[in-house]
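Results of the structural survey
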Amino acid sequence: MRIRKSSILAFFLVFCFISYSIWAFSRAKEETEKGLREIPPIEDEISALNKKIAQLEAEARGNVKILSSIKDKLDVLVDVERTNNGENAFLSEIQSQLKSPFEQILAPEKQSNGQCAATVGYRGSGSTYHVDKFYEEWDFVDRDGGVWKQGWEIKSSDQEWRDTKLQIILMPHSHNDPGWVKTLDTYYTGQTRTILKVIVDALSKNPLRKFIWAETVFLNMWFDDQTVTQDYKTRFTSLLKAGQIEIVTGGWVMTEEAPSHYFAMSDQLIEGHQWLKKHFDYHPKNGYNCDTFGASPTTAYLNHLAGIDHMLIQRTHYVVKKNFAEKNILEFNWRQSFDNSGADETFTHMMPFYSYDVPHTCGPDPSVCCQFDFRRLRKVSPPVTCPWRKEPIEITKTNVAERARILLDQYRKKSKLYAKGTKSNTRVVLTLLGDDFRYDSDAEAEAQFTNYEKLFEYINNNPQMNAEAKFGTLADYFELVDKARPISENPSITGDFFSYADRTTNYWTGFFNSRPFLKWFDRRLEHLMQAADTMLSVGLLSGKIGQSIAEEIYKKIRAGRREVDLFQHHDAITGTEKDFVHRDYADHLLNGYKNLKEAFSQTLSSINEENVVAVMLEENLSERGKLPVAKTVEIGANCAYLDVYNSLLHKTEDLVRVKVDSSKISASYLDGTKPVSQLNPFWDIVKNDQFEGRVSDNSKFELLLVVAVDGLSTKRVKLCPSASSEVPLAKISLGGSADGQNIESN
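What counts, and where the lines are drawn
Residues numbered from 1 in each chain as written. Predicted model: local features only at pLDDT ≥ 70, side-chain atom pairs only at ≥ 80, totals over all residues. Heavy atoms only, no water. Pairing = 2+ DSSP bridges. Helix = DSSP H or I, 4+ residues; strand = E, 2+ residues; numbered from the N terminus. Contact = heavy atoms within 4.5 Å. Axes fitted to C-alpha atoms, helices over the stretch in contact; angles between N-to-C directions. Disulfide = S-S within 2.5 Å. Buried < 20%, exposed > 50% of the residue type's maximum accessible area, 1.4 Å probe, protein only. Core = buried A, V, L, I, M, F, W, Y, C linked by side-chain atoms within 4.5 Å. Expected span 1.5 Å × (residues − 1). Parallel < 35°, antiparallel > 145°, perpendicular 65-115°, else oblique. Left-handed = near helix turned anticlockwise from the far one by under 90°. Nonpolar A, V, L, I, M, F, W, Y, C, P; charged D, E, K, R; others polar. Phe/Tyr/Trp six-rings, centres within 6.5 Å; stacked < 30°, edge-to-face > 60°.

This brings us to the sheet that holds strand E1 (residues 129-130). Reading across from one edge, E1-E11-E7-E8-E6-E5 is the order of the six strands in this open sheet, with mixed pairing throughout. Edge strands, defined here as strands with exactly one partner in the open sheet, are E1 and strand E5 (286-289). For strand E7 (residues 331-335) and strand E11 (residues 492-494), the ladder comprises three bridges, and the chain directions are parallel. From the neighbouring strand, Trp 334 faces E11, where its bridge partner is Ile 493. Helix H9 (residues 297-305) contacts E5, strand E6 (310-313), E7 and strand E8 (346-350) of the sheet and is inclined by roughly 150 degrees relative to E6.

Inspection of every chain in the model, using the stated rule, returns three disulfides. Linked covalently through their sulfurs, Cys 362 and Cys 369 form a disulfide whose S-S length is 2.0 Å. Residues Cys 362 and Cys 369 share a disulfide whose torsion about the S-S bond is about -85 degrees; that sign makes it left-handed. Cys 369 carries the same exposure label as Cys 362, and that label is buried. A sulfur-sulfur distance of 2.0 Å marks the disulfide that ties Cys 370 to Cys 386. Its S-S torsion of about -100 degrees marks the bond between Cys 370 and Cys 386 as left-handed, since a negative value means left-handed. One end of the pair, Cys 370, is in the loop between helix H11 (366-369) and helix H12 (400-415); the other, Cys 386, is in the loop between H11 and H12, and 16 residues separate them in sequence.

Let us now look at the nonpolar core. In this structure, Trp 222, Phe 236, Phe 280, Tyr 411, Tyr 452 and Leu 455 are the most contacted members of the largest nonpolar core, which totals 101 residues. Filtering out sequence-adjacent residues up to four positions away, Phe 280 remains in contact with Phe 223, Phe 236, Thr 237, Leu 240, Lys 241, Ile 247 and Trp 275. Counting residues in hydrophobic clusters, the runner-up holds 25 residues, among them Ala 300, Ala 325, Trp 334 and Ala 501.

Under the 1.5 Å per step criterion, the end-to-end length of helix H15 (residues 516-542) is 39 Å for 27 residues, consistent within 8% with the ideal 39 Å. H15 sits mainly inside the fold: 21 of its 27 residues count as buried. Following H15 by one or two positions, Gly 543 has its phi on the positive side, about 80 degrees.

So, on to the environment of Val 717. Locating Val 717 in the fold gives a position in strand E22 (residues 713-721). When the C-alpha positions of Val 717 and Asp 643 are compared, they lie 6.3 Å apart, and in sequence the two are 74 residues distant. The contact partners of Val 717, leaving out residues within four places of it in the chain, are Ala 640, Tyr 641, Leu 642, Ala 667, Ser 668, Tyr 669, Leu 705 and Val 707.

Further remarks concern the sheet that holds strand E17 (residues 640-646). Whether parallel or antiparallel, the strands of a sheet pair through hydrogen bonds between backbone atoms. As summarised here, the arrangement of the three strands in space is E17-E22-E19, forming an open sheet in which the pairing is antiparallel. In the strand order of this sheet, the two ends are held by E17 and strand E19 (665-669), each with one partner. Between one strand axis and the next, the sheet turns by 25 degrees as a mean value, whatever way the strands run. Across five bridges, the pairing between E19 and E22 is antiparallel.

What follows concerns the packing of helix H5 (residues 184-204) against helix H7 (residues 230-242). For the pair H5 and H7, the least separation of the axes is 10 Å and the interaxial angle reads 60 degrees. Taken together, the axes of H5 and H7 are oblique relative to one another. Seen from above, H5 lies across H7 with left-handed handedness. Contacts between H5 and H7 involve Leu 196, Lys 197, Val 200, Asp 201, Leu 203 and Ser 204 from the first element and Tyr 232, Arg 235, Phe 236 and Leu 239 from the second. Here the contact of H5 with H7 is built from residues that sort into six nonpolar, one polar and three charged.

A separate point is the packing of aromatic side chains. Under the definition given, this model contains 43 aromatic pairs. Seen in terms of ring centroids, Phe 521 and Tyr 593 are 5.9 Å apart; in terms of plane orientation they differ by 50 degrees. Their pairing is tilted. Here Phe 521, found in helix H15, pairs with Tyr 593, found in helix H17 (residues 579-608); they are 72 residues apart in sequence, far enough to count as distant. Given the relative accessible area of 3%, Phe 521 is considered buried. By way of ring pairs, the aromatic residues Tyr 129, Phe 134, Tyr 135, Trp 138, Phe 140, Phe 324, Phe 332, Trp 334 and Phe 497 are connected into one cluster.

Geometric descriptors of this kind do not, in isolation, establish any biological role.
This is the structure in structure tokens:
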């Protein structure tokens, strides 16, 4: 169970920012309209427009600075402590930290200048480079660079390496998407379950073999799978403890960074880290985002708050990669726009080439690198070929010297794109060995590991090569980097890496708003999840909910949370998946909605100490892809009660819409006072052969209530039948009437 104080505070801060933005824009618009009326010549009008546009842009930049200054650190979370039997022993942990309910739940006070108390003055980042400045300077033209299509010809000779040692880390990996061209379950049963077994068997044969894993959702499925023997699970844990396996980032999924909200991004990270803590007592220290479509500093910041020290990113614009490589700044300290001291920056490694597969990671020439992807050997099935028609050759005693020199040449050329060591005369290079859903057979694993073991043995035992090569993880690589060059000596960079293009003018921007319904539904579930979570916390702290009921409710919240977390995957919320996979994600979200709705209703009923089931007004969302239908509150002989919950820390006033079946109604609080209210006609959408449009349903009405609720509290409104309507009826003006004829909605 987690109390997200800062998450709740974030809603308040964002509200302040939006209010200020609306006010600033309205003021600028009024001044623009006034200025236009006073300047009759067309040249002057254009000049005035340009000035006002510049003014709007300046104010927009100011708003961004204000938003950037909001440091919504999400580190005020109560960790879930687990008992030996796996249940959630969170009651004692939460209650031990608070002497009384709400003691530490304080709303931010308004400052005398009217600003939000949590905002700080914008100081600027003070970083070495700013990405937006680069974007203004670069021409973003795709020029043919030769074998490295998006770069240039890199030259290397044995002479320049006589006094410079090259340290090589080869990182085996298998990128497992929890949904893309197949569904989550199909991927797991068809490939991922086997991949994890193959990894355990392969690494158990040699302690020098290493591997990284990213997706915690698959680990959860594997450890819950009764068909996987306990021996495999025990050996996986041992390999993790020994450092042969590293879990990178450790989120529930590899979250997308553009359409995902930071609330969901942090939630999936927390869910994954809690799972790893429970099962392995393990905490990831390195982040790995090899397949997200662009890169955001928000991810770096959340990783930093989660205790992740370094991270790797891959999908950034090819022009960014080329220019960063020219400056030797592909490794940098990623700094936030509000951080002028570097306290919140994250050391980041940007991969320089097109992809994270073997052909595009060993060096600049993919036709050469592909020859060292031994999954493509003919004896390994199903067959995979090299597009450059230069197939891999199995390493033998007779060809190992030649093949090692060819491979080392690529390693050397790639290493020259990164800054040289300053502590010692060394260069360190990271290269990857894997691709999507690799290592799904013992034959592939043995082909990869045994052939590279022969190559590494030759390189390491020949001093004239002046190189050391080994299998490693991100932890191994960053350790070597820090020894060669202190991380603090690397430049700091502020900004994001959107929009992403992988080649020519192929910009990955359509996913910002594709498949909009599930993007909306995801936000709806995040809101419901936060409301259910905070209300359960209030019930626990007030003592109105006991441990057994709380654990039952929490299991439903967790089930809903994991469905929302799954949807943050970079092929889910983006909409880049196949249509049938998209429908499967919709079913997962619908299942999450049902669990969260039940948890919220059960919590509210428990807090109110009533033997009734609370019903949410947005009801009947039971079909994939259908908008929720508002539940009709029947005003019969008895009164109906409406509970309005505020999940924020501070008091807020909002408009509540309720669908009712009668206009003869009264609305009041329990103390007898009445909220501001109004009755509107209820419009139904009609579509048939004769008519398409909205018509008024005379048996239904929309009741509008202006309700003010204290922070983390509920307020009850009593709706009772009345001999005549005590709620004012809306007046509707017909658009076709010249004099604006008014009609009461009764």
